Amino acid sequence: HSSLLLTVFLLGCTTANPAYDANPSLPDECRAGVEVTEIFSDFPRPEKLDVLFVVDASGDDTEALQELFADAVGPLSAVLRDNDLDVRAAVAESHAAGLAAPGTSGDGCEGNSAQVADLAEDSWADTLRCNLQVGSGDAAFEEPLAIVTGLLAQPESEFPRTDAKLLVVVATRDDDCSASTDLTQDPREGCDGDDLQSVGELVEGWSAERTGVALAVFAGPPSQASGERRTVCSSTIGSAYPANRLFAATEALGAQGYFQSVCTDEVSSPLASVIADVAGAAVTVCPESPLTHEPLEISGIEGGDPTPLELGDGGFVYLGPTGACENGAIRFAGDALRGLDEVEVVYCTPDE
């Protein structure tokens, strides 16, 4: 009997399924509920990217790390322009709220007066290179995750833009110590204790404030060694300590989280790779009302003219209810949204 069952099973695998549809179509009308139309205009544009560098500026000997990233600006500029991206970049210190003041300490930076570098301007590379050289402060603890939270909570401003994807680049030789109160213990004993803010809650807060946030961390590789904290790597930037919390933050962001050892002599190539990933990443929107089933129709609007978007990985996919969108998330391929002013979604919501 077993050989007979195996034969039938194998034969079944070689027979085409007549019900299979490689290009499924959307329903023409509501199977349940009432039809509504919603316009999405506030979503991160694939062609717009804001890059926030949160740089170690606490303690002594931070100049080498800052110069490592400043040296990457030139090679990175060519990559960004080749990808036809609208990019703005700014710098924050890892221990101070808000954006850092325009950097004037580097060679040729005496006249720098811009906080934000715009790729559309000829001064882009010089502005960003100068701003990355923020010098050293006397703060004992770094709080890059909380710094990002504070910036995202600010009212709409020049940076970061609400209609751009945001890539946060953390460059540090230490770990995140974002805390709800002032910490008093020796920093070299680690940032442990109940006073630290939850990494998961901090990252979830970013998603609540803004869609399309990615995190790239250049720090000391994580370590599970117990006892006194010791350095885990060293290079021209000095020695780095384990960045367990920052590594956990990248893990919490899934595909939008990137981690690399800061003990390296070159960061322009990995930065270029991350930027390409982030710029091409899918965008997810969350309708205001719950969907009873997949949308009826989705169109992209450019210059007032609607064009139907295709169902599938190259256009859009209905994900159903998710943790971040109980109403039913809709995911768009990055290229599908490029150049669009708005997206019109026709769907069915329960008749109340």
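Residues numbered from 1 in each chain as written. Predicted model: local features only at pLDDT ≥ 70, side-chain atom pairs only at ≥ 80, totals over all residues. Heavy atoms only, no water.

1. Brief notes about the pattern of salt bridges
Next up, step 1: The full count for this structure, using the stated rule, is eight salt bridges.
Next up, step 2: As a salt-bridge pair, arginine 161 and aspartate 50 come within 2.8 Å of each other at their nearest N and O atoms. Here arginine 161 is found in the loop between helix H5 (144-152) and strand S5 (164-171), whereas its partner aspartate 50 is found in strand S2 (residues 45-55), with 111 residues between them in sequence. Considered together, arginine 161 and aspartate 50 belong to a single accessibility category, that of buried residues. (Salt bridge = Lys/Arg side-chain N within 4 Å of Asp/Glu carboxyl O. Helix = DSSP H or I, 4+ residues; strand = E, 2+ residues; numbered from the N terminus. Buried < 20%, exposed > 50% of the residue type's maximum accessible area, 1.4 Å probe, protein only.)

2. Observations regarding the layout of surface pockets
Next up, step 1: Here the largest pocket is characterised by a volume of approximately 1100 Å³.
Next up, step 2: Put simply, the parts of the chain that give the lining of the largest pocket at least two residues each are H5, helix H6 (199-209), strand S10 (283-285) and strand S14 (329-332).
Next up, step 3: At six residues, H6 tops the list of elements feeding residues into the lining of the largest pocket.
Next up, step 4: In terms of residue class, the lining of the largest pocket is built from 22 nonpolar, 11 polar and seven charged. (1 Å grid on protein atoms, 1.4 Å probe; cavity = no way out; pocket = protein on both sides within 12 Å on 5 of 7 lines; lining within 4 Å. Points joined across faces, edges and corners; volume = space filled by probe spheres on them. Nonpolar A, V, L, I, M, F, W, Y, C, P; charged D, E, K, R; others polar.)

3. Description of the nonpolar core
Next up, step 1: Membership of the largest hydrophobic core comes to 43 residues, with the highest contact counts inside it found for Phe53, Phe69, Trp124, Leu128, Leu132, Leu167 and Val169.
Next up, step 2: Of all elements in the fold, only S2, helix H2 (63-70), helix H3 (73-82), strand S3 (86-93), helix H4 (124-132), S5, strand S6 (213-219) and helix H8 (268-280) reach the threshold of two or more residues within this core.
Next up, step 3: If sequence neighbours within four positions are ignored, leucine 132 has contacts with Phe53, Val55, Gln66, Phe69, Ala70, Val73 and Val91.
Next up, step 4: Counting residues in each nonpolar core, the second largest holds 26 residues, with Phe159, Trp206, Val217 and Ala249 among its members. (Core = buried A, V, L, I, M, F, W, Y, C linked by side-chain atoms within 4.5 Å. Contact = heavy atoms within 4.5 Å.)

4. Describing the side chain of threonine 250
Next up, step 1: Note that threonine 250 resides in helix H7 (residues 244-252).
Next up, step 2: Those residues within four positions of threonine 250 in sequence are excluded, and the remaining contacts are Leu215, Val217, Gly257, Tyr258 and Phe259.

5. What about the environment of alanine 125?
Next up, step 1: When you line up the elements, alanine 125 lands in helix H4.
Next up, step 2: In this structure alanine 125 comes out as partly exposed when scored by relative accessible area, which is 26%.
Next up, step 3: A C-alpha to C-alpha distance of 9.9 Å links alanine 125 and alanine 89, two positions 36 residues apart in sequence.
Next up, step 4: Every residue in contact with alanine 125, bar those within four places of it in the chain, is listed here: Val73 and Ser77.

6. Section: the environment of glycine 111
Next up, step 1: With respect to the helices and strands, glycine 111 occurs in the loop between S3 and strand S4 (117-118).
Next up, step 2: Relative accessible area serves as the criterion here: at 69%, glycine 111 is assigned to the exposed category.
Next up, step 3: Residues glycine 111 and threonine 127 lie 16 residues apart in sequence; the distance between their C-alpha atoms is 9.9 Å.

7. Thoughts on the packing of H3 against H4
The description of two packed helices rests on the angle between their axes and on the distance between the axes.
Next up, step 1: Their axes nearest at 10 Å, the elements H3 and H4 cross at an angle of 135 degrees. The angle between the axes of H3 and H4 places the two elements in the oblique class. The hand of the H3/H4 crossing is right-handed. Of H4, the residues touching H3 (which contributes Val73, Ser77, Leu80 and Arg81) are Trp124, Ala125, Leu128, Arg129 and Leu132.
Next up, step 2: In the contact of H3 with H4, the residues fall into six nonpolar, one polar and two charged. (Axes fitted to C-alpha atoms, helices over the stretch in contact; angles between N-to-C directions. Parallel < 35°, antiparallel > 145°, perpendicular 65-115°, else oblique. Left-handed = near helix turned anticlockwise from the far one by under 90°.)

8. Side note on the sheet that holds S14
Next up, step 1: The three strands lie next to each other as S10-S14-S13, forming an open sheet whose pairing is antiparallel. Only two strands of the sheet have a single neighbouring strand rather than two, namely S10 and strand S13 (316-320). Strand-to-strand twist in this sheet, taken as the mean axis angle between neighbours without regard to direction, amounts to 25 degrees.
Next up, step 2: With four bridges connecting them, S13 and S14 associate as antiparallel partners. The residue bridging glycine 320 from the neighbouring strand is alanine 329, located in S14. (Pairing = 2+ DSSP bridges.)

9. Structural notes on the confidence of the model for the chain
Low pLDDT means the predicted atomic positions in that stretch should not be read closely.
Next up, step 1: When pLDDT is averaged along the chain, the result is 85; 85% of the residues meet or exceed 70.
Next up, step 2: Residue range residues 1-13 is modelled with pLDDT below 50. Its contacts to residues more than four positions away, or to other chains, number zero contacts. (pLDDT = per-residue confidence, 0-100.)

10. Details of the pairing of S5
If a strand is regular, its side chains alternate between the two faces of the sheet.
Next up, step 1: For S5, the buried fraction is high: eight of the eight residues fall into the buried class.
Next up, step 2: Looking at chain direction, S2 and S5 are connected through eight bridges and run parallel. Counterpart to phenylalanine 53 in the pairing with S5 is valine 169.
Next up, step 3: Bridging between S5 and S6 involves six bridges; their strand directions are parallel. Bridge assignment links alanine 171 to a residue of S6, and that residue is phenylalanine 218.

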